[in-house]
Amino acid sequence: MAPAFDLFRKVPEDLQTTSVSSGIFTLLTIVVMTYLIVAEYIGYAYSSSNFVSSVVLDSHQEDLLRINFNVSIPAIPCRHLSIDLSDHLGLQFTNITRHIRRISLVQTPDGTLARHKEVFMAEAVAAWGNVGHDLHAGETITPLLDTTTFDEYMTKYDLVLVNYYAPWCPYSQALLPVWEATALQLQDHPEYAERVTMAR
């Protein structure tokens, strides 16, 4: 019964034929297989492997990677903060402060942290009141300085706030009414008006 399950049945000898091309192909196959086996054995038995490692430094140091970060350290003054940088190639840079902005923080009454300038401006507005716009449209009260009056104002007042503007600039046009309204409020505070003035 077992031969009935044989999947690799033999071809009868009277049905087998040979040819010259098949014989040549068989001989070439034997030669190639023998060569590959011998070459693999020789390469494994008589050859040795060498590991060579090298480090190539990147010469494009001008290609910088921009990193944005925001870290708040309320207990340390800004003048004591600095940043050191090192990479995996061993390059180290100390005290990097050229492109880093350090902003002073203060604690507000509600316990949150805010920029020092923002708190200062909020206190100033609370003390002086909101900047009003009592001037008519286009009206100006700040003097227009020139090469003659500039030095005169610099010697007359302790502090001169000068608005360097251009009439065609949209930012200068937006600042002008606020600038004039602030100068108008400055006149209502004689403790400052005698020492501080605003001009254009």
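This structure is a prediction, so every number in the text was calculated from the model and none was measured.

Any chance you could break down helix α4 (residues 170-186) for me, citing the residues and the numbers?
The first and last C-alpha atoms of α4 sit 25 Å apart over 17 residues, in line with the 24 Å expected at 1.5 Å per residue. Leu176 marks where α4 bends most, by close to 30°; the proline Pro177 follows one to four residues later. Among all positions in α4, only Ser172, Trp179, Glu180, Ala181, Ala183, Gln185 and Leu186 are buried.

So what's going on with the environment of Arg195? Residues and values would help.
Examined against the element boundaries, Arg195 turns out to sit in the loop between α5 (190-193) and β6 (196-199). Spatially, the C-alpha atom of Arg195 lies 5.0 Å from that of Tyr157, the residues being 38 residues apart in sequence. Beyond its immediate stretch of four places on either side in the chain, Arg195 contacts Tyr157, Asp158 and Leu159.

Before we move on, can you summarise the UniProt feature "transmembrane region" (unreviewed entry) in the protein with the specific residues and values?
In the numbering adopted here, UniProt assigns the feature "transmembrane region" (unreviewed entry) to residues 20-38. For residues 20-38, the helix share is 100%, the strand share is 0%, and the end-to-end C-alpha distance is 27 Å.

Talk me through the side chain of Thr197; I want residue IDs and the actual numbers.
Secondary-structure assignment places Thr197 in strand β6. Thr197 has contacts with Tyr153, Tyr157, Leu159, Val160, Leu161 and Leu186, leaving out every residue within four places of it along the chain.

Describe the confidence of the model for the protein, listing the residues and the values that go with them.
Taken as a whole, the protein shows an average pLDDT of 75; of its residues, 76% reach a score of 70 or greater. The least confident element of the protein is helix α2 (residues 116-128), whose mean pLDDT is 51; the most confident is helix α1 (residues 20-46), at 87.

Describe the environment of Tyr192, and please don't skip the residues or the numbers.
Tracing the chain through its elements places Tyr192 in helix α5. Sequence separation between Tyr192 and Asp158 is 34 residues; the distance between their C-alpha atoms is 9.9 Å.

I'd like a rundown of the pairing of strand β5 (residues 159-162), residues and numbers included.
A one-sided burial pattern is seen for β5, the buried positions being Val160 and Val162 and the unburied ones Leu159 and Leu161. As defined by bridge partners, β5 adjoins β6 across 4 bridges and the pair is classed as parallel. Within β6, the residue paired with Val162 across the bridge is Ala199.

The rules behind each value
- Residues numbered from 1 in each chain as written.
- Predicted model: local features only at pLDDT ≥ 70, side-chain atom pairs only at ≥ 80, totals over all residues.
- Heavy atoms only, no water.
- Helix = DSSP H or I, 4+ residues; strand = E, 2+ residues; numbered from the N terminus.
- Expected span 1.5 Å × (residues − 1).
- Bend = angle between axes of the 7 residues up to and from the residue.
- Buried < 20%, exposed > 50% of the residue type's maximum accessible area, 1.4 Å probe, protein only.
- Contact = heavy atoms within 4.5 Å.
- UniProt positions renumbered as here; feature names shortened; annotations may be inferred.
- pLDDT = per-residue confidence, 0-100.
- Pairing = 2+ DSSP bridges.

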